[in-house]
Every structure is written in C-alpha cells, then in structure tokens.
Amino acid sequence: MLDIQKIRADFPILSQKVNGKPLVYFDNGATSQKPQIVIDADAKYYQEINANIHRGVHTLSQLATDAYELSRGKVQQHINAKFAHEVLFTSGTTHGINLVTNGFASILKPGDEILVSALEHHSNIVPWQMLCEKTGATLKVIPMNEEGELIMEAYDTLLSENTKVVTVNHISNALGTINPIKYMIDKAHAVGAAVLIDGAQAVPHLKPDVQDLDCDFYAFSGHKMCGPTGTGILYGKEAWLNKLPPYQGGGEMIKEVTFEKTTYADLPHKFEAGTPNIAGGIVLGTAIDYMNEIGFEAIHAHEEELLQYATKRLLEIEGLKIYGTGKNKASVISFNIDGIHPYDIGSIIDKLGIAVRTGHHCAQPIMNFFCIPGTIRASFSFYNTKEEIDLMVEAVKKAQTMLS
Ligand SMILES: *Cc1c(COP(=O)(O)O)cnc(C)c1O
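Numbering of residues begins from 1 in every chain and follows the order in which that chain's sequence is written. Reporting in this predicted model follows two pLDDT cut-offs: at least 70 for local features of residues, and 80 or more for side-chain atom pairs to be given and counted; totals over whole chains, interfaces and linings ignore these cut-offs and use all residues. Here the side-chain values reflect all heavy atoms present in the structure, with hydrogen atoms and water set aside.

## Considering the overall build of the chain
Put simply, the rule reads: By the criteria applied, helices consist of DSSP H or I runs no shorter than four residues and strands consist of E runs no shorter than two, each listed in order from the N terminus. The atom set for the radius of gyration is the C-alpha atoms, and the globule formula is 2.2 Å times the number of residues raised to the power 0.38. Relative accessibility under 20% of the residue-type maximum defines a buried residue, over 50% an exposed one, and the middle range a partly exposed one, all with a 1.4 Å probe and only protein chains included. Should any heavy atoms of two residues lie within 4.5 Å, those residues are considered in contact. This count recognises Lys and Arg as positive and Asp and Glu as negative, with His and chain-terminal groups excluded. Taken as the charge centre is NZ of Lys, CZ of Arg, CG of Asp or CD of Glu, depending on the residue.
When you go through the chain residue by residue, the secondary structure sums to 14 helices and 17 strands. Relative to its length of 404 residues, the chain is compact, with a C-alpha radius of gyration of 22 Å against a globular reference of 22 Å. When the backbone C-alpha atoms are referred to their principal axes, the chain occupies close to 70 × 55 × 35 Å. Relative to its full complement of 404 residues, the chain shows a buried share of 55%. Nonlocal contacts in the chain, meaning residues at least 24 apart in sequence, comprise 71% of its contacts between residues at least 6 apart. Within the chain, the 46 negative side-chain charges are centred at a point lying 2 Å from the centre of the 34 positive side-chain charges.

What follows is the structure, encoded as structure tokens:
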C-alpha cells in the first residue's frame, strides 16, 4: 500500500492554497504535478553539466551525452523495447504521432485505409486526416457504444487487406476507457496493417510492454507522468523506423552532407534533428525512476480505489450522469449535471480550490456522440486521496444548489 502522506510531501505544489482553499488537483489527465526530485534534477543539469550532446569531445558534452543516452536506456527498459535505438525522444505525443503520419505520406496511396477509433484525442485524428489529404487514403472510424467502449465486431468488419494503419489510444483521455489494444493489434497484423498506440493516458497509470503488445508504434508524453513539459517518447519497431523517411532535416540526423546528396544517420539520430530538449530528456528518466520506485502495482491499486469511491460518491448527486461506464476504466470520471453547463460547475468549484477540466477535452467527436457540449472531468493520480474526493463532491453539490 502507498504511504500517501509521504508521497504528497514529494510534491511541493500540492500543499499550496488556491483561492484561499487547499488545492485539490484533479486535472491529472491534462498534466501531472512534479515531485521535488524531478524539479531538482532539472536545476542540477543546468548547474552542473549543461552542454550540447553528441558533438564535443569536451568533458561536459560527454557527460550530457551520457546522461541523455542513459535516460533513453531507462525508457527502453521501462517499456521493454528490444533496442534503445527504437526509443526516440520527442516533444510529446503530438510530435510522435506527426512523425509517424509524415513518414507514411511516402507509403500510402489512394484506396488504402486508415482505421482510427471514435475515442481519439484530436492529436490522434487530425494528423491522420492531413495524411489522407496528402495521399488519397481513406479514414474510417471504429465506432463505440453508449458505455464508451469500442465495438470489436464493427472493428473486425472494418479490417480488410486495404487497411494499412490502425490507430487507437491505450486509454481514452475523455472517458477513461481502457481499450483492448492487444486484441486490436493482433487483428490488425493479421491483415498486414501497422498499429500506432497513443499511450498518453496510459503511461501515468501502467507500464506498457511494447514487445508483449507487439505494437508498431507507441507514443506518449513525459508531462503526464511526472516529467517535464516538452518531453515525450515515440517507440517504433526497428524495421518501421528504418523504412520511414526522416521527419525533420538538420544537424544531428545526418551521416554525410554534400550539396549533391545527404545520407542519414543511423537510428535513433535519423529522427532527432537539431538540439533536443536535453534537460527534459534526462529528467524524464528521473520521473520514470520515481514512478517505478512507488511501483505501478501499488499505483494501480490506489487509483482503482479512488475510481470506485469517486464513482459511488458522485452518483449520490441527483441528476448527475457519468459518461464512460465501460468495464475497463482508468481513474478518470467524466460527468455532467442535468440542466447545468459543465463550465459553470467548473468555475464555481475552482473558487473552492478544486481543479478539474471542463470542456470537450480535445475529443469533440466523443462529445458529439453523446450530444453534449462537454463534460466535467476529474482525473485522479496516485497522490490523490478519498478526502479530496469528498471535498470535490461537497463543492459540486454546493455549485448545483447555487446554479439551480
Ligand atoms: C494529452 C494527450 C495527447 C496529446 O499530448 P501532448 O502532450 O499534448 O502532445 C494525445 N492523446 C491523448 C490520449 C492525450 O491524453
């Protein structure tokens, strides 16, 4: 079991007051808070080893390079990638997905099909639409049911030899649904399609095993798992990364440049043009160490308890409806209250110190499906408590009274 008070003490921001009230931070789906060890690691990098990587023979440059590559190795271990060079540093999930869609522009042709799930974040929809515009490929949508679960019978029917890519999130940011991605990956491979998993909402809650999943690409952000903003990872199978053309041209990604012809560097450098977020990449490794020290089994058990408790407590409120009621859910609850706009509830409870997200959560198609403008989303992390959930429930009740 987790020692929550000890863990909370690691996060300086959690003891802060907002609007004169103790902060209750339930917007972890948008970004997580950072422990002191991560904040310190960032400062330490700039105080002690700041230099550019893979370039100088000088000592600091080598120290920076070693620390950056050590962090890549930590990520490799964490997600169980076969090779370190299958782990690309990016600026986040969005960057990772665009790197892949850009690469597929030279592979897809008219008649090819891309299957995207109805549960996606805009950053796993729009880049594929742009790719379809460029190549003449067609985007098809894997539908969901009223519980917010993808319909596997429909998925099976959509798959054909025309399917070249399947893209789906591991966990939905808007509803919390955990998708049956292993099944989906197996089915996609059976027709020869590549699979990209958007893992942005999964990595804060679980440890993905990319070899066991057998996905072709797995993208995630550092900032949702205790790491710095502007960091992320794209895992890609070696064969795919060798096949895809580079995303950006520039320094660091080349073997040899002449005005007649340039040859590209080996993996992973082929996809890492320019000076990256060196400090961020290193500190992401610190964040991953921190989370592993707490342990993902304990994190899961605690978050599951929070999810069950919050679901039960929220449903005590008259007129409250939860969106996303699938069997497999992460600690995310999207809800609305009859006759009240989510934004109004969000603004009032903010005055009471409760931070939740309101709106469409970058997933407008999901809101359209339920015919609502948006929801209130409370997303819990391992550092949250049942007492905080009680505070939120009281605040929502108060807002409801004020607004009706
Ligand atoms: C947050 C999120 C993204 C985008 O991540 P960025 O860090 O903004 O690039 C993509 N997909 C899902 C499911 C997300 O939750």
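## Some thoughts on the pattern of salt bridges
In a structure, side chains of opposite charge can pair up when their charged atoms sit close to one another. Defined as follows: By salt bridge we mean one thing: a side-chain nitrogen of Lys or Arg within 4 Å of a carboxyl oxygen of Asp or Glu.
The full count for this structure, using the stated rule, is 20 salt bridges. Between Arg8 and Glu388 there is a salt bridge, and its shortest N-O distance comes to 3.3 Å. Note that Arg8 is positioned in helix α1 (residues 4-9) and Glu388 in helix α14 (residues 386-403), a separation of 380 residues in sequence. Judged by its relative accessible area of 14%, Arg8 falls in the buried class. By relative accessible area, Glu388 is classed as buried at 5%. A salt bridge links Arg377 to Asp27; its shortest N-O distance comes to 3.5 Å. Of this pair, Arg377 sits in strand β17 (residues 375-379) while Asp27 sits in the loop between β3 (24-25) and α2 (36-49), placing them 350 residues apart in sequence. Using a relative accessible area of 14% as the deciding quantity, one classes Asp27 as buried. Among the ionic contacts, a cluster of salt bridges with common partners joins Arg313, Glu316, Asp390, Glu394 and Lys397.

## Details of empty space enclosed by the protein
Our working rule: In this analysis the probe radius is 1.4 Å and the grid spacing 1 Å, with only protein atoms considered; a cavity is a set of points the probe fits into but cannot get out of, a pocket is an open set with protein on both sides within 12 Å along at least five of seven lines, and lining residues have an atom within 4 Å of a point. Grid points are joined across faces, edges and corners, and a volume is the space filled by probe spheres set on the points. Residue classes follow a fixed rule: Ala, Val, Leu, Ile, Met, Phe, Trp, Tyr, Cys and Pro count as nonpolar, while Asp, Glu, Lys and Arg count as charged, and any other residue, Gly among them, counts as polar. An automatic or database domain assignment is the source of the domain bounds shown.
All told, the structure shown has one cavity of 30 Å³ or more when counted by the stated rule. What the largest cavity holds in volume is close to 100 Å³. Considering the residues around the largest cavity, the lining is formed by 15 residues, among which Asn28, Pro204, His205, Lys224 and Ser381 are closest to the centre. In terms of residue class, the lining of the largest cavity is made up of six nonpolar, seven polar and two charged. For the lining of the largest cavity, the two domains that each supply at least three residues are domain 1 (4-30 + 295-403) and domain 2 (39-292).

## Things to note about the sheet that holds strand β16 (residues 357-359)
Test applied: We call two strands paired when DSSP finds no fewer than two bridges between them. Inter-axis angles, ranging from 0 to 180 degrees, are taken between N-to-C directions of lines fitted to C-alpha atoms, where helices are fitted over the stretch in contact.
Taken in spatial order, the four strands of this open sheet run β13-β14-β17-β16, and their pairing is antiparallel. Looking at strand neighbours, the two that pair on one side only are β13 (320-323) and β16, the edges of this open sheet. Each adjacent strand pair in this sheet contributes to an overall mean axis angle of 30°, direction not counted. Where β16 lies against β17, three bridges are found, and the strand directions are antiparallel. Bridge assignment links Gly359 to a residue of β17, and that residue is Thr375. Against the sheet, helix α11 (residues 296-315) makes contact with β13 and β14 (332-337), and its axis sits at roughly 5° relative to β14, the strand it touches most.

## Regarding the site of the ligand
Inclusion rule: The cutoff for a nearby residue is simple: one of its non-hydrogen atoms must lie within 4 Å of the molecule or strand. Two N or O atoms count as a polar contact when they lie within 3.5 Å, although within protein this holds only if one can serve as hydrogen donor and the other as acceptor, and sequence-adjacent residues are included solely when both atoms are side-chain atoms.
Taken together, Gly92, Thr93, Thr94, His121, Ser123, Asn173, Asp198, Ala200, Gln201, Ser221, His223 and Lys224 are the residues near the ligand. Between the ligand and the protein, one listed contact pairs a nitrogen atom with a side-chain N or O atom of Asp198 at 2.5 Å. At 2.7 Å, a side-chain N or O of Lys224 approaches an oxygen atom of the ligand.

## Overview of the UniProt feature "domain: Aminotransferase class V" (unreviewed entry) in the chain
Stated precisely, the cut-off is as follows: UniProt positions are given in the numbering used here, feature names are shortened, and annotations may be inferred rather than shown by experiment.
The residues that UniProt annotates with the feature "domain: Aminotransferase class V" (unreviewed entry) are residues 24-391. Helix makes up 39% of residues 24-391 and strand 18%, whereas the separation of the span's terminal C-alpha atoms amounts to 8 Å.

## Thoughts on the pairing of β17
Counted residue by residue, β17 has five buried out of five residues, so it is predominantly covered. Residues of β17 alternate between two faces, with Thr375, Arg377 and Ser379 on one and Ile376 and Ala378 on the opposite face, all of them buried.

## Let's talk about the environment of Ile299
Mapped onto the elements, Ile299 comes out in helix α11. When the C-alpha positions of Ile299 and Glu388 are compared, they lie 17 Å apart, and in sequence the two are 89 residues distant. In contact with Ile299, other than residues within four places in its own chain, are Leu2, Pro204, His205, Met291, Ile294 and Phe382.

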